Structure formats: C-alpha cells, structure tokens
Amino acid sequence: MSLADALDPTASVQAFYATDLRKKREEHGVTQREFAKLALMAPSLLNKIEAGVRLPTKELSELADGRFGTGDYFQRLWPLVIKFAFPKWFRPFVDLEEAARIIRSFQVQVVDGLLQTEEYARAVMSGRRLERAVAAEQVAARMQRQEILNRDDRPDLWVVLDELVLRRHIASPSVMLKQFERLIAEAEAPRTVLQVLPFDSGAHAGLGGPFSALTLDEGPGLVVVDGFLQGQILADPDDVAAADRAYDLLTAHALSPRASIDRIVAAMKDLR
C-alpha cells in the first residue's frame, strides 16, 4: 500500500486536498506522470503532494481546476492547505492574526513577514539552508499570509523596525531596494504606522527580542515571542499588558513616521 492509499482524508485539510486531487485526476483518466508534465514538476513531487507529504502550489491548484472542471474548488482550498507550511506552534497565531483588529510588531533582524517581498522572503529562507521545496512552501505561505492587508476590513498595522533591519543586507542591492520601496509604500498606507528605531536610541524596551501583539475584536489579546527553535504564544493578561507597555515605549523612542521614511530613503541611497 502506498502512502497515498493510506492517507486519511479526514486527518487534515492537507490530506483532504491530496485525496481529492488524486481522485479527480484518476476520474479524468490522467496519469500522475501526465499531470506532473502539465504542472511542470517532477512526477516524484506530485506523488508526494498526493501522499500528503509535500504541499501543493497555487499554480497546481489553478491547473487542477482548469483541467478537471472544478471551478475554483482547489484554488479555494489552497489558502487553507498552505498554512501547513508554518511550524505547528505558529499556526494558531496565523489564524488569530486573520481576526485581529490591531497588529503591533517589533523586529530587530529582518522585515516583518507581513511586509516582506517575495524575493526578500526567499533570501531570508536561503540563510536557513532549507530543502528547496520546503523553502518554496514557506515563502508561498508567507505571501498568502499578507493577504489580510488587502482586505477591505484589514487590521491596523503598527511596525517598529530596528535600524539594523535596514542596514543588514541579506540580499542583493536590487532585492533590498524593492524591499525598501515596499516598506515606503506600506508606510504611506492609511492604516499602517511604520517607525524606525535608530541606532542612537540607546537602551530600549525591545532589547529582549522581537515580538508581535494582536488586539482582537473579542476576547483577550495575545503575544508571540520569537525563539531559536520555536517561538511562544502568550495569552496571559500580564504578558499581554507587558508587551503593550514595551511597544508604547518603543514607539516613543523611535523616529516619527515621516522621519522613518527618510531613514529608509537614506538606506536606499547607500545601496546605489
């Protein structure tokens, strides 16, 4: 019995997608090799997708709907499936992030995932030396996560970036320039406040490391704190209050939104 044969479609959304994809392919008399060729992927990768071992791509979902006449069925399932690219501990945060009214983020090494360009995100992943397919899945998941900023009811986003984020060139100058352009565009959005914490700010409330805090419409807020192997999601009211206070102090020490854009522009000039 193959892994695909043993897959329980009720085990997860990913398993449900995988079994339905295989079912539709077989109903239409398309071999795995033929469909893999249409999808421009190795048959071994499609085999893993149908076995629930690898995640499908957005392009594969679009191809499946077109080839099997399923409307937008697989395309609507894909955003749910791609969440499995996130670490298990982080998935609950992603679900709650979608329901957040306000998102506050402080980052010290890299641009917040909600504001990363695809090329920049790919460079971040390259530093982890991940398997190519795994890195591609994580980049796709990160891009899909950003869709909350395109909604009519999008959350308010507050971001404080340590100036080190601007000065750490983790990618080529062209990639960094596009990333900076993205930051400026988002900083000028009505529901985003972006500030840079300058090098000369001295000791500050974020020396403990990066964190993100969510304010929800209903129920208590929560905080996610990054860690080496995995982060922590904290929901204790005292922890949430401490994060809120730390964030208030960070915004007080940071440059104004206008001056922050000027600092990003200065970083761009240094790349040219």
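What counts, and at which threshold
Numbering of residues starts from 1 in each chain and follows the order in which that chain's sequence is written. Given that this is a predicted model, residues contribute local features only at a pLDDT of at least 70 and side-chain atom pairs are listed and counted only at 80 or more, while totals for whole chains, interfaces and linings are drawn from all residues. Just so you know, side-chain values use all the structure's heavy atoms and leave hydrogens and water out. Think of it this way: DSSP has to see at least two bridges between two strands before they count as a pair. A run of H or I in DSSP becomes a helix once it reaches four residues, and a run of E becomes a strand once it reaches two; helices and strands are each numbered from the N terminus. The axes are straight lines fitted to the C-alpha atoms, using for helices just the contacting stretch, and the angles between their N-to-C directions are given from 0 to 180°. Residue contacts are defined here by distance: any two heavy atoms, one from each residue, within 4.5 Å place the two residues in contact. Nonpolar core, defined: a set of buried Ala, Val, Leu, Ile, Met, Phe, Trp, Tyr and Cys residues in which side-chain atoms within 4.5 Å join the residues together. Relative accessible area decides the class of each residue, using a 1.4 Å probe on protein chains only: under 20% of the type maximum gives buried, over 50% gives exposed, and in between gives partly exposed. As annotated, the domain borders come from an automatic or database domain assignment. Aromatic rings from Phe, Tyr and Trp, taking only the six-membered ring of Trp, are treated as a pair when their centres fall within 6.5 Å; an angle between ring planes under 30 degrees marks them as stacked, one over 60 as edge-to-face, and anything in between as tilted. UniProt positions are given in the numbering used here, feature names are shortened, and annotations may be inferred rather than shown by experiment. As used here, buried area is the combined drop in accessible area, with a 1.4 Å probe, of two parts when they are placed together. Take a side-chain nitrogen of Lys or Arg and a carboxyl oxygen of Asp or Glu: if they are within 4 Å of each other, that pair is a salt bridge. Contacts described as polar in this section are N or O atom pairs within 3.5 Å, which, within protein, must combine one atom able to donate a hydrogen with one able to accept it, while residues neighboring in sequence count only if both atoms come from side chains. Each helix crossing is assigned a hand: it is left-handed if the near helix lies turned anticlockwise from the far helix by less than a right angle, otherwise right-handed if that turn is clockwise. All amino acids are sorted into three groups, where Ala, Val, Leu, Ile, Met, Phe, Trp, Tyr, Cys and Pro are nonpolar, Asp, Glu, Lys and Arg are charged, and the leftover types, Gly among them, are polar. Working definition: roughly parallel below 35 degrees, roughly antiparallel above 145 degrees, roughly perpendicular at 65 to 115 degrees, and oblique for all remaining angles.

S.K.: Is there a simple way to explain the sheet that holds strand S2 (residues 156-162) in this structure?
M.R.: In a beta sheet, neighbouring strands are held together by backbone hydrogen bonds and run either parallel or antiparallel to one another. Strand order in the open sheet formed by six strands is S3-S2-S1-S4-S5-S6, with mixed pairing between adjacent strands. Of all the strands in the sheet, just strand S3 (192-197) and strand S6 (232-234) have a single pairing partner and so form its edges. When the angles between neighbouring strand axes are averaged without regard to direction, this sheet yields 15°. Note that strand S1 (residues 100-107) and S2 share six bridges and pair parallel. Directly across from serine 105, in S2, lies its bridge partner valine 159. Contacts between helix H7 (residues 91-98) and the sheet are confined to S1, strand S4 (211-216), strand S5 (222-225) and S6, with S4 contributing the most and set at about 45° to the helix.

S.K.: Looking at this structure, how should I read the nonpolar core?
M.R.: Generally speaking, soluble globular proteins have nonpolar side chains that are buried together. If you look at the biggest cluster of nonpolar residues, it comprises 59 residues, and the most contacted ones within it are Leu21, Phe35, Leu60, Leu115, Phe180, Leu183 and Ile264. If one sorts the elements of this core by residue count, helix H11 (residues 173-187) sits on top with seven residues. Split by domain, this core shows at least three residues from each of two domains, domain 1 (3-84) and domain 2 (88-270). If sequence neighbours within four positions are ignored, leucine 21 has contacts with Phe35, Leu46, Ile49, Glu50, Leu60, Ala64, Phe68 and Phe74.

S.K.: How should I be thinking about the packing of aromatic side chains in this particular structure?
M.R.: Each pair of aromatic rings is reported with the distance of its centres and the angle of its planes. This model, assessed by the stated rule, comprises eight aromatic pairs. Plain terms: the ring middles of tryptophan 89 and phenylalanine 90 are 5.3 Å apart, the flat faces sit at 70° to each other, and that makes the pair edge-to-face. Ring pairing ties together the aromatic residues Phe86, Trp89, Phe90 and Phe93, which thus form one cluster.

S.K.: I would appreciate a short explanation of the UniProt feature "domain: HTH cro/C1-type" (unreviewed entry) in the chain in the present structure.
M.R.: Under the local residue numbering, the UniProt record ascribes the feature "domain: HTH cro/C1-type" (unreviewed entry) to residues 21-74. Each end of residues 21-74 is marked by a C-alpha atom, and these two atoms are 8 Å apart; helix forms 65% of the span and strand 0%.

S.K.: Sorry, what's going on with the environment of isoleucine 261 here?
M.R.: Relative to the assigned elements, isoleucine 261 resides in helix H13 (residues 257-271). Accessibility expressed as a relative area gives 6% for isoleucine 261, which makes it buried. Between the C-alpha atom of isoleucine 261 and that of valine 196, which follows or precedes it by 65 residues, the distance is 8.2 Å. Other than its neighbours up to four places away in sequence, isoleucine 261 contacts Ile184, Ala187 and Glu188.

S.K.: Looking at this model, I keep getting lost on the domain arrangement of the chain. Mind explaining?
M.R.: Interface extent is often summarised as the accessible area lost during association of the parts. Assigned domains within the chain: domain 1 (3-84) and domain 2 (88-270). Computed from C-alpha coordinates alone, the two centres of domain 1 and domain 2 are separated by 32 Å. Each partner contributes residues to the interface: domain 1 has seven residues there, and domain 2 has 11 residues. Each partner contributes to the roughly 850 Å² buried at the junction of domain 1 and domain 2, and carbon and sulfur atoms together form 52% of this total. Of all residues in domain 1, Arg54, Ile82 and Lys83 bury the most surface against domain 2, accounting for 61% of the area lost on that side. The tally of links from domain 1 across to domain 2 stands at three salt bridges. The partner of glutamate 98 in a salt bridge is lysine 83, with the nearest N and O atoms 3.3 Å apart. At the boundary of domain 1 with domain 2, the tally comes to five residue pairs in polar contact (both at pLDDT 80 or more).

S.K.: Could you clarify how one ought to interpret the packing of helix H2 (residues 13-27) against helix H5 (residues 58-68) in this entry?
M.R.: For any two helices packed against each other, one specifies the crossing angle of their axes together with the interaxial distance. The interhelical angle for the contact between H2 and H5, taken along N-to-C directions, is 35°, at an axis separation of 11 Å. Both H2 and H5 take part in a crossing whose hand is left-handed. Residues Tyr17, Leu21, Lys24 and Arg25 of H2 form the contact with H5, whose participating residues are Leu60, Ser61, Ala64 and Phe68. Class assignment for the residues of the contact of H2 with H5 results in five nonpolar, one polar and two charged.

S.K.: What exactly am I supposed to notice about the packing of H11 against H13 here?
M.R.: Running from N to C, H11 and H13 cross one another at 165°; their axes reach a closest spacing of 10 Å. Relative to H13, the element H11 is oriented roughly antiparallel. The way H11 lies across H13 gives a crossing that is left-handed. The residues of H13 that touch H11, namely those facing Pro173, Met176, Leu177, Phe180, Glu181, Leu183, Ile184 and Ala187, are Ile261, Ile264, Val265, Ala267, Met268 and Leu271. Residues that form the contact of H11 with H13 fall into these classes: 13 nonpolar, no polar and one charged.

S.K.: Please explain the pairing of S2 as it appears in this structure.
M.R.: Taken residue by residue, a regular strand's side chains alternate between the two faces of the sheet. In terms of burial, S2 is a largely internal element, five of the seven residues being buried. Relative to S3, S2 runs parallel, the two sharing six bridges. Counterpart to aspartate 162 in the pairing with S3 is leucine 197.

S.K.: Quick question: what am I supposed to make of the pattern of salt bridges here?
M.R.: One side chain can pair with another of opposite charge once the charged atoms of both are near each other. Following the criterion strictly, the structure yields 16 salt bridges and no others. The salt bridge involving arginine 145 is made with glutamate 97; its shortest N-O contact spans 2.7 Å. Taken together, the residues span a long stretch of sequence, with arginine 145 in helix H9 (residues 132-145) and glutamate 97 in helix H7 at a distance of 48 residues. With its nearest N and O atoms 2.6 Å apart, the salt bridge here joins aspartate 270 to arginine 167.

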